[in-house]
Amino acid sequence: MNGSRIAAVGHYQPAKVLTNEDLAGLVDTSDEWIRSRVGIRTRHIAGPDEPVDELAAHAAAKALAAAGLTPADIDLVLVATSTAVDRSPNMAARVAARLGIPSPAAMDINVVCAGFTHALATADHTVRAGAATRALVIGADKMTDVTDWTDRTTCVLVGDGAGAAVVEACPAGEEPGIGPVLWGSVPEMGHAVRIEGTPSRFAQEGQSVYRWATTKLPPIARQACERAGLAPEDLAGVVLHQANLRIIEPLATKIGAVNAVVARDVVDSGNTSAASIPLAFSKLVERGEISTGDPVLLFGFGGNLSYAGQVVRCP
């Protein structure tokens, strides 16, 4: 097979915006404290009547429209999420039902913050193998459902949203638009980022995650570029998991992507877990900050201390 490419992207965020000043009324914090430690100004919050599959379906519908496709053109739906409330039907089946996609393979992928890049690689491999022709790959999370609003170290971080990509086979003779994935994990340190308990709550060991992300991940991200046959300075864009501006900026610098636009959507959206990469990527495309054919590094990391990254061509 010739490989696959991203045909189009789309994103969606709930209308309600929660500011740092709003949070200061809930816990002992301030706008200055939050900005100085994580760089976040605002985040979007879904209401009780906005489930994860609704966020996902909105983003997916936008990606389909941008690709000029109909639901009937899709035969694989992958949803990366860690905030599904129910076990069955899964999020992918719920999204397919909302959009009217007939008889797709429908799977959820839970790799928390690295979920979208894992799902994108899975779609690429599936299309390459000829087991699917076009896939909807979605990252969607409602982190506010698993947030302890009395914990100022975590409640200031999170937001809700979704991002989506349409993946399809490349035409004959065209270079692959999705590069080889580099993925892995540090399972013995899975306790560093958790969503567990009854009710489920998000917790993390912030300093451990910061040290790991800023010291261990730069060479891994550079290897993802090497697998795509590019040097970091060849990149036009870098979209890292939008965890914390104090992680994104040093990590981008250490990767060496000196000519790239670096996504900083965390400032306006907070940490949206699996949604963060497709959400930020879609915004860069929508604003014209990257152009069709540009090489962009997508690199997810976080929960399970998992990571996955690949270089893609901008749709």
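Our structure is the block above this text.
These numbers come from a predicted model, not from an experiment. (Residues numbered from 1 in each chain as written. Predicted model: local features only at pLDDT ≥ 70, side-chain atom pairs only at ≥ 80, totals over all residues. Heavy atoms only, no water.)

Caption draft 1: Focus on the overall build of the protein. When you go through the protein residue by residue, the secondary structure sums to ten helices and 14 strands. Over its C-alpha atoms the protein spans a radius of gyration of 18 Å, differing by no more than 12% from the 20 Å that the globule rule assigns to 315 residues. For the protein, the spread of C-alpha atoms along the principal axes amounts to about 60 × 40 × 40 Å. Looking at the protein as a whole, 57% of its 315 residues qualify as buried. In the protein, the proportion of contacts linking residues at least 24 apart, taken out of those at least 6 apart, comes to 76%. Summing over all exposed atoms, the protein offers an accessible surface of approximately 12,200 Å²; the carbon and sulfur share of this is 49%. Between the averaged position of the 26 positive side-chain charges in the protein and that of its 34 negative side-chain charges there is a distance of 4 Å. (Helix = DSSP H or I, 4+ residues; strand = E, 2+ residues; numbered from the N terminus. Rg over C-alpha atoms; globule rule 2.2 N^0.38 Å. Buried < 20%, exposed > 50% of the residue type's maximum accessible area, 1.4 Å probe, protein only. Contact = heavy atoms within 4.5 Å. Areas by Shrake-Rupley, 256 points an atom, 1.4 Å probe, with all protein chains shown as cover. Lys, Arg positive; Asp, Glu negative; His and termini not counted. Charge placed at Lys NZ, Arg CZ, Asp CG, Glu CD.)

Caption draft 2: Expanded view of the sheet that holds strand β1 (residues 4–12). Within the open sheet, the five strands sit side by side as β1-β7-β6-β4-β5. Their pairing is mixed. Whereas interior strands pair on both sides, the edge strands pair on one side only; in this sheet they are β1 and β5 (105–109). On average, adjacent strands in this sheet sit at an angle of 15° to one another, irrespective of strand direction. When β1 meets strand β7 (residues 160–169), the two strands line up antiparallel, connected through eight bridges. Residue pairing across strands places A8 opposite V166, the latter belonging to β7. Strands β1, β4 (76–80), β5, β6 (134–142) and β7 of the sheet are contacted by helix α5 (residues 115–128), whose axis makes an angle of about 160° with β4. Where helix α10 (residues 276–287) meets the sheet, its contacts fall on β1, β6 and β7, and the angle it forms with β1 comes to roughly 95°. (Pairing = 2+ DSSP bridges. Axes fitted to C-alpha atoms, helices over the stretch in contact; angles between N-to-C directions.)

Caption draft 3: View of the pairing of strand β9 (residues 193–196). Summarising the sheet, β9 and strand β10 (residues 201–204) pair through four bridges and their orientation is antiparallel. Counterpart to E196 in the pairing with β10 is R201. In this structure, the hairpin formed by β9 and β10 is closed by a connection of four residues, where G197 is found at a positive phi of approximately 95°.

Caption draft 4: Just the packing of helix α6 (residues 206–215) against helix α8 (residues 245–255), in detail. For the pair α6 and α8, the least separation of the axes is 9 Å and the interaxial angle reads 20°. It follows that α6 is roughly parallel to α8 by the angle criterion. Handedness of the α6/α8 crossing: right-handed. In contact with V209, Y210, A213 and T214 of α6, α8 contributes R246, I247, P250, L251 and K254. (Parallel < 35°, antiparallel > 145°, perpendicular 65-115°, else oblique. Left-handed = near helix turned anticlockwise from the far one by under 90°.)

That is the geometry; function is a separate question.
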